[in-house]
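Observations on chain architecture
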Amino acid sequence: NSILVNNVLCNGDSTGSVIVFLDSIGVYSIPPFTYVWMNNLVDTLRIDNNMMGNSFYGGLPAGIYSISLIDANGCSVIDNFEILENPAINFSVGPDIVIPCGTDTVLSAGQVSGGANFIDANYSYMWQPTGSTADTTVAYPGTTPTAYILTVTDTVGCSVSDTVNVSWDLYILN
């Protein structure tokens, strides 16, 4: 049998899937077939009984799995496979900031890494509440502290956000 693995796109998600094709189980194999899906090569996740052909399993996180295929004669074959995932998107907009009253400051995404494009570093950015789509934005909080939220998205749509609170020190004038 052959296995088609679809890896997890966003780190930590459970979007992996597997299709097992009955293409070389043996000339004497007799249906129906039983598929026993296992993770960590030991824990049974699911058993598909009375299968006449291929089997699909979706909603899987990254990890090592095995599939045991048993025919009506009790003959079996076991295959192992691994579902991979992209590294987590990592960045930090830094600690909360207090600036002199009446001033502004530049906020930055800093060094961004991970995600589906960890090699080409082609990320998209969205700052709230400014609406900036650059990796930096100007923070002008006014008289109440303001939360600036940066969402970084990779090329397959995986996103991570970080928040920094910016406030004026009303007793320090610029």
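Predicted, not measured: the structure shown is a model, and the values here were computed from it.

Rules used in this analysis
- The numbers attached to residues start from 1 for each chain and follow its sequence in the written order.
- Only residues with pLDDT of 70 or above have their local features reported here, since the model is predicted, and side-chain atom pairs are shown and tallied only from 80 upward, although totals for entire chains, interfaces and linings are computed over all residues.
- To get the side-chain values, take all heavy atoms of the structure and skip hydrogens and water.
- One side-chain nitrogen of Lys or Arg within 4 Å of one carboxyl oxygen of Asp or Glu is enough to make a salt bridge.
- Nonpolar cores are built from buried Ala, Val, Leu, Ile, Met, Phe, Trp, Tyr and Cys residues. Side-chain atoms within 4.5 Å join them into one set.
- Each residue gets one of three labels from its accessible area relative to the maximum for its type: buried under 20%, exposed over 50%, partly exposed in between, using a 1.4 Å probe on protein chains only.
- Elements are defined by DSSP. Helices are runs of H or I of four residues or more, strands are runs of E of two residues or more, and each kind is numbered from the N terminus.
- What makes two residues a contact is simply this: any of their non-hydrogen atoms within 4.5 Å.
- Only when DSSP finds a minimum of two bridges between them are two strands counted as paired.
- Only the stretch in contact is used when fitting a helix axis, every axis being a line fitted to C-alpha atoms; angles between N-to-C directions are given from 0 to 180 degrees.
- Cysteine sulfurs are considered disulfide-paired once they come within 2.5 Å of each other.

1. Some details on the pattern of salt bridges
Note on pairing: side chains with opposite charge can pair once their charged atoms come close. Applying the stated rule across the entire model yields 1 salt bridge. One salt bridge connects Asp48 with Arg46, and the closest N-O pair in it is separated by 3.0 Å.

2. A word on the nonpolar core
Of all hydrophobic cores here, the largest spans 20 residues; its most connected members are Phe91, Leu107, Val112, Tyr125, Tyr148, Leu150 and Val152. Elements that contribute at least two residues to this core include exactly strand S8 (97–101), strand S10 (124–128), strand S12 (146–153) and strand S13 (159–173). When neighbours within four sequence positions are excluded, Val112 is seen to be in contact with Ile89, Asn90, Phe91, Tyr123, Tyr125 and Val152. One finds Val18, Val20, Leu69 and Ile83 within the second-largest nonpolar core, a separate group that totals 13 residues.

3. Comments concerning unusual backbone geometry
In this chain, Pro31 is followed by Pro32 through a cis amide linkage whose omega measures 5 degrees. By the secondary structure assignment, Pro32 is in the loop between strand S2 (16–21) and strand S3 (33–39). In this structure, Asn50 is a non-glycine residue whose phi angle is positive, near 55 degrees. The topology assignment puts Asn50 in strand S4 (residues 43–51). Given a relative accessible area of 59%, Asn50 falls into the exposed group.

4. Concerning the sheet that holds S3
Here we have 4 strands laid out as an open sheet, ordered S4-S3-S6-S7, and antiparallel in their pairing. At either margin of the open sheet sits one strand with a lone partner, and together these are S4 and strand S7 (76–83). Strand after strand, the sheet turns through a mean of 20 degrees between neighbouring axes, direction not considered. In terms of strand pairing, S3 meets strand S6 (residues 63–70) through 6 bridges, oriented antiparallel. Each residue of the ladder has a partner; that of Tyr35, found in S6, is Leu69.

5. Observations concerning the environment of Tyr171
The residue Tyr171 is located in strand S13 in this model. As for Tyr171 and Asn122, which are separated by 49 residues in sequence, their C-alpha atoms are 42 Å apart.

6. So, the environment of Ile83
Mapped onto the fold, Ile83 is located in strand S7. Residues Ile83 and Gly110 lie 27 residues apart in sequence; the distance between their C-alpha atoms is 31 Å. Those residues in contact with Ile83 that sit more than four places away from it in its chain are Val5, Asn6, Asn7, Val8, Gly16, Ser17, Val18, Leu60, Pro61, Ala62, Gly63 and Tyr65.

7. Topic: the state of the cysteines
Following the criterion strictly, the structure yields 1 disulfide and no others. Shown here is the disulfide that connects Cys10 with Cys158, its sulfur atoms set 1.8 Å apart. Measuring handedness by torsion sign, the sulfur bridge of Cys10 and Cys158 sits at about -90 degrees and is left-handed. Residue Cys10 is found in the loop between strand S1 (2–6) and S2, and its partner Cys158 is found in the loop between S12 and S13; the two are separated by 148 residues along the sequence. Given a relative accessible area of 18%, Cys10 falls into the buried group. For Cys158, a relative accessible area of 6% corresponds to the buried category.

8. Brief notes about the sheet that holds S2
As summarised here, the arrangement of the 3 strands in space is S1-S2-S5, forming an open sheet in which the pairing is antiparallel. Pairing within the sheet leaves two strands with one partner each, and these edge strands are S1 and strand S5 (55–60). Taking each pair of neighbouring strands and ignoring which way they run, the sheet shows an average axis angle of 15 degrees. Pairing geometry for S2 and S5, over 5 bridges, is antiparallel. If you follow Gly16 over to S5, its bridge partner there is Leu60.

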